[in-house]
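# Structural overview for review
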Amino acid sequence: MLEIVIFSTLNGILYGLLLFMLSSGLTLIFSMMGVLNFAHASFYMLGAYFAYTMGMEIGFWPALLLAPILVGGLGAMVEKFGLRRVHENGHVAELLFTFGLAYVIDELVQLIWGTVAVSYREPDYMREPLFTLFGTDYSIFRGVVILIAVFMFIALWFLLKKTRVGMMIRAALTHGNMVGHLGHNVPRLFMGVFGFGCALAGLAGVIGGPLLATEPGMAVTLGPIVFVVVVVGGMGSLIGAFYASLLIGLIQTFFVAIDASIADILNAFGMNVDPYGEVTGITLASLAPMTPFILLVLILIFRPRGLMGELEP
Amino acid sequence: MNDITAVAPRQNRFSWRALSPWLISAAVLLILPFVLDSGTAFTLMNVIAVNIVFALSYNMLLGQGGMLSFGHAVFFGLGSYAAMHAMNAIDEASYAGEGFWAHIPVVSMPLVGMIAGGLVALVIGWPFCRRAGTAFAMITLGLGEMVAAAGQMFPSVFGGEAGIYGNRMVGPQWFGLELAQATDVYWFMAFWTFLAVFAMWAFTRTPLGRMSNAVRDNPDRLQFIGYPPRNIRFMIFIASGSFGGLAGGMAAVNYEIITPEALGLIPSGLALLMAAVGGLGVFYGPIVGAIVVSLMNSMLSDYTEASILYVGLVFLAIVMFAPRGLGGGIEQVRVAAREGTLGKRLPGWLTGAVAVVLISLGLVLLIELLFQWRHGDDEFAQFFGLNFVAAEVMSWVWALLMFAAGVAVMRVTKKFREDNA
Amino acid sequence: MLKPIFTFLAASLLLVGTASAETVKLALIDPLTGPMAAAGQPAFEHLKYEAKRINANGGLNGQDLEIVGLDNKVNPQESLVQLQKAIDDGVRYVTQGNGSSVASALISAIEKHNQRNPGEEVLYLNYAAVDPAFTNERCSYWHFRFDANADMKMNALTDYIAANDDIKKVYLINQDYSFGQAVSKAAREMLKEKRPDIEIVGNDFHPLAKVKDFTPYVSKIQSSGADAVITGNWGQDITLLVKAAAEFGLEAPFFTYYGASSGVVTQLGDKGVDRIYQINEYYGEFEDPEMAKRQTELYEQTEWDFYYLRLSTMLDMLKKSADQAKSTDPVDVAKAMEGMKLETTTGEVVMRAEDHQIQLPMFISVMKDDMEYGAEGTDYNFKKVARIDREAVSLPTTCRMRRPK
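My aim in this report is to walk through the structure given alongside it, one point at a time. Worth saying up front: this structure is predicted, and the values here are computed from it rather than measured.

## Remarks on the overall build of chain A
From N to C terminus, chain A includes 13 helices and two strands. A compact globule built from 313 residues should have a C-alpha radius of gyration of about 20 Å, and chain A, at 21 Å, falls within 12% of that. Referenced to the eigenvectors of the C-alpha coordinate spread, the extents of chain A come out at roughly 65 × 50 × 40 Å. Pairs at least 24 apart in sequence give 74% of the contacts found in chain A among residues at least 6 apart.

So, in structure tokens, the structure goes:
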């Protein structure tokens, strides 16, 4: 029992942190520009593939540094030549643009790297166990992932709260026009934020690729969950995204460990329900991967501004 | 100076000119099966018919109501499932010779779908419609995912991976329609498509339809004059869901099978694609979009491996450069013709079209060459009877030249086109 | 952008039956583009390769066999459109394998087409859709299955496990849909029958293709003390599961249906060695030098591995039926094909007339390193561990087939 709790907590935190890395960029973009970047997970995918290709030549750590920069540069280009043009047509048009962009990036990745998954792996020395608990190994790589994610959170927080740029970003969130009037180059700020957000997604990809999988479908499967995190956490709130990621990571992981079915729960309340029925036989474990979406719908109905958001989307 | 009739309330007077598009469409529907009569043509036409209704119903939400939804396939899918179960009930009842279902003809299945879609929208829609915009989009995304997952989990309703299948040749057969061949099905489709399109068009002329535009453009103002936006959105949601379900009912009769995939994000995305490509601001835009996208989906992969990429690029191009879609473009031409400025504007448009063609050809060639080079096929791209092989540099040069020429034309004629617009 | 539109607008509108008198067309309706293309493309290449060999040996009753590829993106409704295109193009033979949902649609559609269009019958050769229903309650005279169905595979697998006294606790983990549930049910029933002392210490279902992180499941398996894991997972679900197991140091072997599908070997690498087993009609190396030669040649020519032995069996049986019936009309070929016996490199196989389900020997194999013929350009491949004879694999059927007069 204790085993299950400890491992579920560790795994939940790890998964949650990965989600946070992936969604922090989106939170920034969404907060600042109101654009829900559908292609965000595609930039995550690009980060993984770039790191894979570069890593073969220059090694894991240099790729860890360079791949996100490349992805960020690409993001900035996309903003300058694509998104900006669509911006004047409204939020829906921007969403449509990123939707189409996601499509196109996914197809191009398949064109360049093929339809079969590539074997993007962490370096061998990182596969050694960091520690062994109850007979199960926890690899060094997982520890590294946690470290990088926490470091990223602290760096972002610092950037937003303690630097001028961060101040401009926070101001532009609620008073975009005023920031422009004060003489700041808002389009350039947008381009920078978008590029930076994409770079964060790319970084998540460099880490997530070996952890999960590097294959052309990785954007499509992870994409929707990232939106859930941003919405549940609340628009404009990085801390909200952090909490939401951890929440979703932990809930999903813990539910998997629970074999109780709906019937079991109802029966514990004194009802007499058939444990093998189609509906009542569903276990929490099989519901686990759906919990983010259930959470999404519930939050949007009862508390649309999310856990810690200041504005409604 | 302004012509007062431009701002006076429109009178719903009968006029031949207003009726003409409907008469022409009906005529086209009647003649089409005699012009194109291969099995594939009929199959495609039936598919397109379903998609037309699906895309139009989606546009009730997005283009007219300003509500971006990622879960529209839920209504389509559930409508289809309802119709499929109904068809099976008809089958059993006819076999047994008695029962309520024995009297229901299969040709009424779209109505069953419509009722199902409407009911679903009624039951779940109220909490969704509080806000429009991004919140609405996200909530429909979550809904779509959940229903799609539920589809896999309850095999008695959804049939598991294999889905639910049925037979459309059962029950009372009205109008002598056996519905055996695709040709028979065509008449069924043509009837329901015409009816549904007309109904949806009529909806836009009703007060509710007008108010849907208002809720899209200025919900605050609508609130001030006394109509709560939430209620309006809810009613539009139900209307859109009903017609989505109607399309689902048509699909059930056409394919005779429905699987849980029809509930998910991919078909919902397809609705968005069709509506956007066709043009959100024009009523018949989604019709054009449905035709183009359906054809691209089914036929393109015979000619190229990059079919999905092309669909995505077309979508991107439209969103970026022609946000009013293909329908918007047609409208521009039509309005110019009516106003008599067509002659003035045509040269500008034609030069633009030439540039677009050049750019597209160059891009297509580049992509095809890329694919070949990557996959090392021993076939080659054939354009105008000339062979382009990835190994030869000249092929690439030609592709780049075409693309560059198109861009050049675009740039050089920019002022000319703007002057004449 | 416009030219392709006009080209296929024209082509699509003018499609008339263009059946060539000289070739017999076999249409493959499978995903050839999109995320599932890695499942359909290798089958397409394999079929084309084998068709060349068949044609060199006289083809089908003297006529050449031509393989036509039609992309369905694993969508059942799209598949029906492609089927109609195929029929219009003069195709009388259709094959498919990816997705029981598609297979279900095709079986229904082809039954109805054949019923409503006598004289234009189409035959459906199913090479991988393993839902047992297709040769039981949904059996159809026009459908022939060339892969052992899911229950047969479980039958063979449980025979192997039952014979292994070291295995006392088994964990089941599957995708939460009809196939995964069928695998779990079959596993539980057959294990109870063959080794009632084996304890099922877990029976998990997870949503299809949605789980990115299998570590929670692996934790559960670990703490249950299972000696073996049985799973019907395919696609990313099998790769991520075994990857997580390897990273966690879970020692228990994984018995899978689809352990050798494309991409798994590359992604797992040494994480899969001695850990991932599969039940299949073939494994990674051929003892027969002729087959080994074909294996290397196919990879050299197309960069896809030869891992669908059943496709070769299917074409060989098609040829034998056509030659025997002295005709390439589906009605005659179907009559010849039911009950047909064929010698293959793994032994004799029989197409059972009762339900059109092929009866064949199966193999348990495990992933190993340093193989002479590595898969996907690596050094890893599957090595034979045990053979289960055809009679042991065989299962009775509930099929009540309606035969044409």
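## Considerations on the overall build of chain C
Scanning chain C for helices and strands turns up 13 helices and 15 strands. Computed over the C-alpha atoms, the radius of gyration of chain C is 21 Å, within 12% of the 22 Å expected from 2.2 N^0.38 for a compact globule of 405 residues. Taking all 405 residues of chain C together, 58% fall into the buried category. Long-range contacts, defined as pairs at least 24 residues apart, comprise 70% of the intrachain contacts of chain C with a sequence gap of at least 6.

## Brief notes about the sheet that holds strand 8 (residues 228–231) of chain C
Residue and element names in this part refer to chain C. Taken together, seven strands build an open sheet; the order of strands is 7-6-8-9-10-14-15 and the sheet is mixed. Strands at the two margins of the open sheet, each flanked by one partner only, are strand 7 (199–206) and strand 15 (381–388). The sheet shows a mean angle of 25° between the axes of neighbouring strands, taken without regard to direction. Judged from the seven bridges that link them, strand 6 (residues 169–175) and strand 7 form a sheet pairing that is parallel. Paired with Asn174 across the two strands is Phe205, which belongs to strand 7. Its contacts with the sheet place helix 7 (residues 215–224) against strand 6, strand 7 and strand 8, and it is angled at close to 175° to strand 7.

## Focus on the interface of chain A and chain C
Listed as interface residues are 28 residues of chain A and, on the opposing side, 31 residues of chain C. If you list the elements that add at least two residues to the side of chain A that touches chain C, you get helix 1 (2–33), strand 2 (136–139), helix 9 (218–233), helix 10 (238–257) and helix 12 (284–287) of chain A. Ranked by the residues each element gives to the side of chain A that touches chain C, the list is headed by helix 1 of chain A, at six residues. Among the residues making up the side of chain A that touches chain C, the classes are represented as 14 nonpolar, 11 polar and three charged.

## As for the pairing of strand 6 of chain C
Residues and elements named next belong to chain C. With six of seven residues buried, strand 6 is to be regarded as a mostly interior element. As a crossover connection, the stretch from strand 6 through helix 6 (residues 178–194) into strand 7 is right-handed. Sheet topology note: the strand 6/strand 8 ladder contains three bridges and is parallel. Counted as the bridge partner of Leu172 is Ile230 from strand 8.

## Some words on the interface of chain B and chain C
In this complex, chain B contributes 38 residues to the contact, which on the side of chain C involves 37 residues. By residue number, the principal contributor to the side of chain B that touches chain C is helix 2 (residues 39–64) of chain B, which donates six residues. Of the residues assigned to the side of chain B that touches chain C, the class counts are 21 nonpolar, 13 polar and four charged.

## Let's talk about helix 10 of chain A
Side chains of residues three or four places apart in an α-helix project in the same direction, reflecting 3.6 residues per turn. Here helix 10 of chain A contains 20 residues, and its C-alpha end-to-end distance of 29 Å stays within 8% of the 28 Å for a straight helix at 1.5 Å per residue. Within helix 10 of chain A, 16 of the 20 residues are buried, which leaves it mostly tucked inside the rest of the structure.

## Some points on the packing of helix 2 (residues 37–56) of chain C against helix 11 (residues 309–325) of chain C
Residues and elements named next belong to chain C. Between helix 2 and helix 11, the shortest axis-to-axis distance is 10 Å and the interhelical angle comes to 40°. As helix 2 packs across helix 11, the resulting crossing turns out to be right-handed. Facing Ala43, His46, Leu47, Glu50, Ala51 and Ile54 of helix 2, the residues of helix 11 in contact are Leu311, Ser312, Leu315 and Lys319.

Criteria and cut-off values
Residues numbered from 1 in each chain as written. Chains lettered and ligands numbered in written order. Predicted model: local features only at pLDDT ≥ 70, side-chain atom pairs only at ≥ 80, totals over all residues. Helix = DSSP H or I, 4+ residues; strand = E, 2+ residues; numbered from the N terminus. Rg over C-alpha atoms; globule rule 2.2 N^0.38 Å. Contact = placed C-beta atoms within 7 Å. Buried ≥ 20, exposed ≤ 12 C-beta atoms within 10 Å, placed from the backbone. Pairing = 2+ DSSP bridges. Axes fitted to C-alpha atoms, helices over the stretch in contact; angles between N-to-C directions. Nonpolar A, V, L, I, M, F, W, Y, C, P; charged D, E, K, R; others polar. Right-handed = clockwise from strand over helix to strand, strands pointing away. Expected span 1.5 Å × (residues − 1). Left-handed = near helix turned anticlockwise from the far one by under 90°.

By themselves, these are just geometric observations and shouldn't be taken as functional.
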